[in-house]
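Letter by letter, the chains look like this.
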Amino acid sequence: LAKTTQPISMDSYEGQEVNITCSHNNIATNDYITWYQQFPSQGPRFIIQGYKTKVTNEVASLFIPADRKSSTLSLPRVSLSDTAVYYCLVGAWNRDDKIIFGKGTRLHILP
Amino acid sequence: GAVVSQHPSWVICKSGTSVKIECRSLDFQATTMFWYRQFPKQSLMLMATSNEGSKATYEQGVEKDKFLINHASLTLSTLTVTSAHPEDSSFYICSGVSGTNEKLFFGSGTQLSVL
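Analysis parameters
Residues numbered from 1 in each chain as written. Chains lettered and ligands numbered in written order. Predicted model: local features only at pLDDT ≥ 70, side-chain atom pairs only at ≥ 80, totals over all residues. Heavy atoms only, no water. Helix = DSSP H or I, 4+ residues; strand = E, 2+ residues; numbered from the N terminus. Polar contact = N/O pair within 3.5 Å; in protein donor to acceptor, adjacent residues only side chain to side chain. Salt bridge = Lys/Arg side-chain N within 4 Å of Asp/Glu carboxyl O. Buried < 20%, exposed > 50% of the residue type's maximum accessible area, 1.4 Å probe, protein only. Contact = heavy atoms within 4.5 Å. Buried area = accessible area lost by both parts, 1.4 Å probe. pLDDT = per-residue confidence, 0-100. Pairing = 2+ DSSP bridges. Axes fitted to C-alpha atoms, helices over the stretch in contact; angles between N-to-C directions.

### Some details on the side chain of Q37 of chain A
On the secondary structure map, Q37 of chain A appears in strand β3 (residues 32–38). A distance of 2.9 Å separates a polar atom in the side chain of Q37 of chain A from a polar atom in the side chain of Y86 of chain A.

Structure, rendered in structure tokens:
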């Protein structure tokens, strides 16, 4: 399973766009990139998943360069409720694959 | 998205007792389930991986006789903390995946407090 590296913490202001980058230099050909959001005392919540290029859904965009060694989660116009820990996971999740979490990025949105 | 139901959401027990945590996949068949524990302000730590119908694979340092995992069906996995002690107090989270390259969905977590 590819190891991931993210910034430990980030601060931003309401209404701003926030970009969180994740490095995964040893990503394998079959690996997907998935981002999760976690609030205190809750399980992680799926945000977005992608394999290459750009993926967009109603809450976020995910940018993946051609070499796939990194990815960027983009949150448009954040609000106070986006204050949470964000995790980047990389893997193919077959029966022999473990899902190992990195330290995540603690995002703090200021008014 | 898919729903993973985890119960109870919190439990307080006396030292020496056993506690069972249930994790159900409500609208998909979870061929693989993962169990994590999380301490305050730390990341999730993988405890074990279980494939339906097989014995769980435990991570190094996790006592398999203390943390009993059963994954007897494609929709239910249980974690039993046997002879719980205060150091077992933690937030336990389950997750399930339906197959390769599928999304991983998490339960809401169980806060265990051992007195």
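### So, the pattern of salt bridges
Residues and elements named next belong to chain B. Under the defined criterion, the tally for this structure stands at 2 salt bridges over all chains. Across the pair D88 and K66 runs a salt bridge, and its minimum N-O distance is 2.9 Å. Pair noted here: D88 is in the loop between β8 (76–81) and β9 (90–97) and K66 is in the loop between β6 (57–58) and β7 (67–73), with a separation of 22 residues, a long-range link. Classification of D88 by relative accessible area gives buried; the value is 4%.

### Overview of the interface of chain B and chain A
On the chain A side, the residues contacting the 27 residues of chain B number 24 residues. Contact between chain B and chain A buries roughly 2000 Å² in total, counting both sides, with carbon and sulfur atoms accounting for 54%. Counting every contact that joins chain B to chain A gives 0 salt bridges. Applying the counting rule to chain B against chain A returns 5 residue pairs in polar contact (both at pLDDT 80 or more). Only β4 (32–38), β5 (45–51), β9 and β10 (104–106) of chain B provide two or more residues apiece to the side of chain B that touches chain A. No other element matches β4 of chain B, which puts 4 residues into the side of chain B that touches chain A.

### Description of the confidence of the model for chain B
In the predicted model, chain B carries a mean pLDDT of 91, and the fraction of residues at 70 or more is 97%. Strand β11 (residues 110–114) of chain B holds the highest mean pLDDT among the elements of chain B, 97, whereas β10 of chain B holds the lowest, 88.

### As for the sheet that holds strand β1 (residues 9–13) of chain A
Residues and elements named next belong to chain A. Ordered in space as β1-β9-β8-β3-β4, the 5 strands form an open sheet in which the pairing is mixed. On the outer flanks of this sheet lie β1 and β4 (45–50), each paired with one strand and no other. Averaged over all pairs of adjacent strands, the angle between their axes in this sheet comes to 25°, without regard to strand direction. As defined by bridge partners, β3 adjoins strand β8 (residues 84–91) across 7 bridges and the pair is classed as antiparallel. Counted as the bridge partner of Y36 is Y87 from β8.

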